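What the coordinates show
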2 protein chains.
Amino acid sequence: MSTATGPRILVVDDEPNIVEVVSMALRYQGFEVATAANGAEAHAQVEAFRPQLLVLDVMLPDTTGFEIAERLGAQRSSIPIIFLTARDAQEDKLRGLTTGGDDYMTKPFSLEELVARIRTILRRTGQGSDESNRMVFEDLELDDDTREVLRAGQPIDLTATEYRLLRYLLSNPRRVLTRAQILDHVWEYDFGGDARVLETYISYLRKKLDAHGPGLIHTVRGVGYALRAPR
Amino acid sequence: MSTATGPRILVVDDEPNIVEVVSMALRYQGFEVATAANGAEAHAQVEAFRPQLLVLDVMLPDTTGFEIAERLGAQRSSIPIIFLTARDAQEDKLRGLTTGGDDYMTKPFSLEELVARIRTILRRTGQGSDESNRMVFEDLELDDDTREVLRAGQPIDLTATEYRLLRYLLSNPRRVLTRAQILDHVWEYDFGGDARVLETYISYLRKKLDAHGPGLIHTVRGVGYALRAPR
DNA sequence: CGCTATAGTTACCGTTCGGTACCATGTCGT
DNA sequence: ACGACATGGTACCGAACGGTAACTATAGCG
């Protein structure tokens, strides 16, 4: 049912591309999304849109994400924030903020990672769905808290990229995902490298997953990949 | 929605950041939290919120924590207080108060420490959960009263920082904790130093813990650490 | 039946990340 | 005041990771 409105998220960034990419991804995930390109718009949108979570670029044309966070004052405690910052920014400033239930990510990030963090925070603050942090498909289980992956009860060790890829596949079981979709979600949004990496990592995943059972990752030639039950 | 209400705690401090950080941490721990920024608000909240414990900054804009404590009068005996004070403040005044079942901490403190003290006091006054003061994971035991740590029955000597770190890990068994989370909880909340310290202390802990058994602290590369059963 | 495009696998290398030993500073107790 | 110990910072090493590339396998199609 498409009328079920998901949690409201406000995305604030002055780079239109980021806003575009992020908000589309979040809408597709069922969130309600509003956007703002500067501090003034952000404050207006907080009033009008009443978001349950903010995705907030630290560097904005007219202010900083920190200032916005401060000016939110009392409401602040009920609106967690995910700060976006350049890779080399001093993390100390941010670190203090994460204790408040906030979090931060360094640009460029993967959308898969962002969605995962949003889900974690909303779950923690009880505003999200009471969905488990656990994804299951056939005899494959993935627990996002412990970061444990089990195939037929057997624990499987995955690297960070392998894990992101598998989680994305698991979040869209049976659906065929195109190469472009997977690259866009699992790799950093500005990844410009060879698209062949994907095949490599699919290969890695299959090797580790199928050591304990028949193949779950199905190739759809000319299109992409899909998670399907083995026959 | 399961709003299982934990013990009610009132946090009083005029620094919004402190209130923010502390109240979020306590809420996450399952406490019900109200806040106040000055003496007037504090008194009002004691009336309205009926907290079972106060976290009370000594220096407030309109009064001092001591005065608030005094004015609470008769109710006082049933509401223990944790005073917060700057490091170099006269600790003599505070020491007298701790005998009454109260406690004090100097800023900056670690959240892990604050939560531990709150738990201790609530347990003592019988208002807390009937949770044991003992944490156990596999063959690892930690007793918060005696500050004893046992691995496979063997006592292990830990320094203060090592102990806080281990306790935080034990309070989130199996869950992967990010570097930022650990630094935020185990080190003082304004710790801005090099995050490498963490690895150093993980190393110390492993050395001491794993002298009596297989590794319990598991590295999740690119993310953080988790307490896991050895396989 | 064989050619071509697409996918899979493996190997390799540069870089990053984590572990540990070592050192400087601070704190506490005697 | 001194010594011992805890804490935090630095440096260096090794391992793991990610991405590229080269080679192999396979499917689709004329």
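Relevant structure appears above.
To keep things clear, this report deals only with the structure shown in the data block. (Residues numbered from 1 in each chain as written. Chains lettered and ligands numbered in written order. Predicted model: local features only at pLDDT ≥ 70, side-chain atom pairs only at ≥ 80, totals over all residues. Heavy atoms only, no water.)

We now examine the interface of chain A and chain B. Between chain A and chain B, the residue contacts involve 17 residues of the former and 24 residues of the latter. The contact between chain A and chain B buries some 1800 Å² in all, and 54% of this surface belongs to carbon and sulfur atoms. Inspection of the region where chain A meets chain B yields two salt bridges. Residues D145 of chain A and R175 of chain B are paired through a salt bridge, measuring 3.2 Å at the closest nitrogen-oxygen approach. At the boundary of chain A and chain B, one finds four residue pairs in polar contact (both at pLDDT 80 or more). Partitioning the side of chain A that touches chain B into residue classes produces two nonpolar, eight polar and seven charged. (Contact = heavy atoms within 4.5 Å. Buried area = accessible area lost by both parts, 1.4 Å probe. Salt bridge = Lys/Arg side-chain N within 4 Å of Asp/Glu carboxyl O. Polar contact = N/O pair within 3.5 Å; in protein donor to acceptor, adjacent residues only side chain to side chain. Nonpolar A, V, L, I, M, F, W, Y, C, P; charged D, E, K, R; others polar.)

All names here are of chain A. Between helix α6 (residues 160–170) and helix α7 (residues 179–186), whose axes approach to 10 Å, the crossing angle comes to 125 degrees. Here α7 runs oblique to α6, going by the angle between their axes. In the packing of α6 onto α7, the handedness of the crossing is right-handed. Packed against α6, whose contacting residues are T161, R164, L165, Y168 and L169, the element α7 presents Q181, I182, H185 and V186 at the interface. Class assignment for the residues of the contact of α6 with α7 results in five nonpolar, three polar and one charged. (Axes fitted to C-alpha atoms, helices over the stretch in contact; angles between N-to-C directions. Helix = DSSP H or I, 4+ residues; strand = E, 2+ residues; numbered from the N terminus. Parallel < 35°, antiparallel > 145°, perpendicular 65-115°, else oblique. Left-handed = near helix turned anticlockwise from the far one by under 90°.)

Before going further, it helps to examine the sheet that holds strand β9 (residues 154–156) of chain B. Residues and elements named next belong to chain B. Sheet architecture is open: four strands sit in the order β6-β7-β8-β9, paired in antiparallel fashion. Edge positions in the sheet fall to β6 (134–137) and β9, since each has one partner strand and no second. Ignoring which end each strand starts from, the neighbouring axes of this sheet average 25 degrees apart. Where strand β8 (residues 148–151) and β9 come together, three bridges link them in antiparallel fashion. Across the sheet, residue L150 finds its bridge partner in β9, namely P155. Packing of helix α6 (residues 160–170) onto the sheet brings it into contact with β6, β7 (140–143) and β8, and relative to β7 it is tilted by some 115 degrees. (Pairing = 2+ DSSP bridges.)

Another point: the nonpolar core. Formed by 26 residues in total, the largest nonpolar core has its most connected members in L165, L166 and I182 of chain A. Only β7 (140–143), α6, α7, α8 (197–209) and β12 (224–227) of chain A provide two or more residues apiece to this core. A per-element tally of this core places α6 of chain A first, with six residues. Setting aside anything within four residues of it in sequence, one finds L166 of chain A in contact with L140, L142, V149, L158, L205 and L209 of chain A. L140, V149, I156 and L183 of chain B belong to the second-largest nonpolar core, a separate cluster that totals 25 residues. (Core = buried A, V, L, I, M, F, W, Y, C linked by side-chain atoms within 4.5 Å. Buried < 20%, exposed > 50% of the residue type's maximum accessible area, 1.4 Å probe, protein only.)

Moving on, we come to the environment of R196 of chain B. Tracing the chain through its elements places R196 of chain B in helix α8 (residues 196–209). Separated by 17 residues in sequence, R196 of chain B and R179 of chain B place their C-alpha atoms 9.6 Å apart.

Moving on, we come to a negative patch on the surface. Residues and elements named next belong to chain A. A contiguous patch of negative charge on the surface is contributed by E41, D62, E67 and E70. Mapped onto the elements of the fold, E67 is located in helix α3 (residues 65–71). Overall, the relative accessible area of 44% leaves E67 in the partly exposed class. (Patch = residues over 30% accessible without salt bridge, like charges linked within 9 Å, V, L, I, M, F, W, Y side chains within 5 Å. Areas by Shrake-Rupley, 256 points an atom, 1.4 Å probe, with all protein chains shown as cover. Lys, Arg positive; Asp, Glu negative; His and termini not counted. Charge placed at Lys NZ, Arg CZ, Asp CG, Glu CD.)

Here we take up the protein's contact with DNA strand C. Around DNA strand C, a shell composed of 24 residues is seen, among which R206, T219 and Y225 of chain A together with R206 and Y225 of chain B lie nearest. When the atoms of DNA strand C within 4 Å of the protein are sorted by group, sugar and phosphate make up 72%. R221 of chain B is positioned with one of its side-chain polar atoms (N or O) 3.1 Å from a base oxygen of DNA strand C. Between a phosphate oxygen of DNA strand C and a main-chain N or O atom of G222 of chain B, the distance comes to 3.2 Å. Listing elements by their share of the surface near DNA strand C, those giving two or more residues are α8 of chain A together with α8 of chain B. At seven residues, α8 of chain B tops the list of elements feeding residues into the surface near DNA strand C. Here the surface near DNA strand C is built from residues that sort into four nonpolar, eight polar and twelve charged. (Near = heavy atom within 4 Å.)

Residues in close proximity to DNA strand D total 25 residues, the closest being T159, T161 and Y201 of chain A together with T159 and Y201 of chain B. Sugar and phosphate atoms represent 70% of those atoms of DNA strand D found within 4 Å of the protein. Residue T159 of chain A places a side-chain N or O atom 2.8 Å away from a phosphate oxygen belonging to DNA strand D. In this structure, a phosphate oxygen belonging to DNA strand D sits 3.2 Å away from a main-chain N or O atom of A160 of chain B. Of all the secondary structure elements, the ones that give two or more residues to the surface near DNA strand D are α6 and α8 of chain A together with α6 and α8 of chain B. Counting residues per element, the surface near DNA strand D draws most heavily on α8 of chain B, which supplies five residues. Counted by class, the surface near DNA strand D contains eleven nonpolar, eight polar and six charged residues.

In this section: unusual backbone geometry. In most cases, non-glycine residues show a negative phi, while peptide bonds are predominantly trans. Residues and elements named next belong to chain A. Here the residue pair K107 and P108 is connected by a cis peptide bond, since its omega of -5 degrees sits within 30 degrees of zero. Tracing the chain through its elements places P108 in the loop between β5 (103–107) and α5 (111–124). With phi around 60 degrees, R147 is a residue other than glycine that occupies positive phi space. Secondary-structure assignment places R147 in the loop between β7 and β8 (148–151). Residue class for R147 comes out buried when judged on its relative accessible area of 18%.

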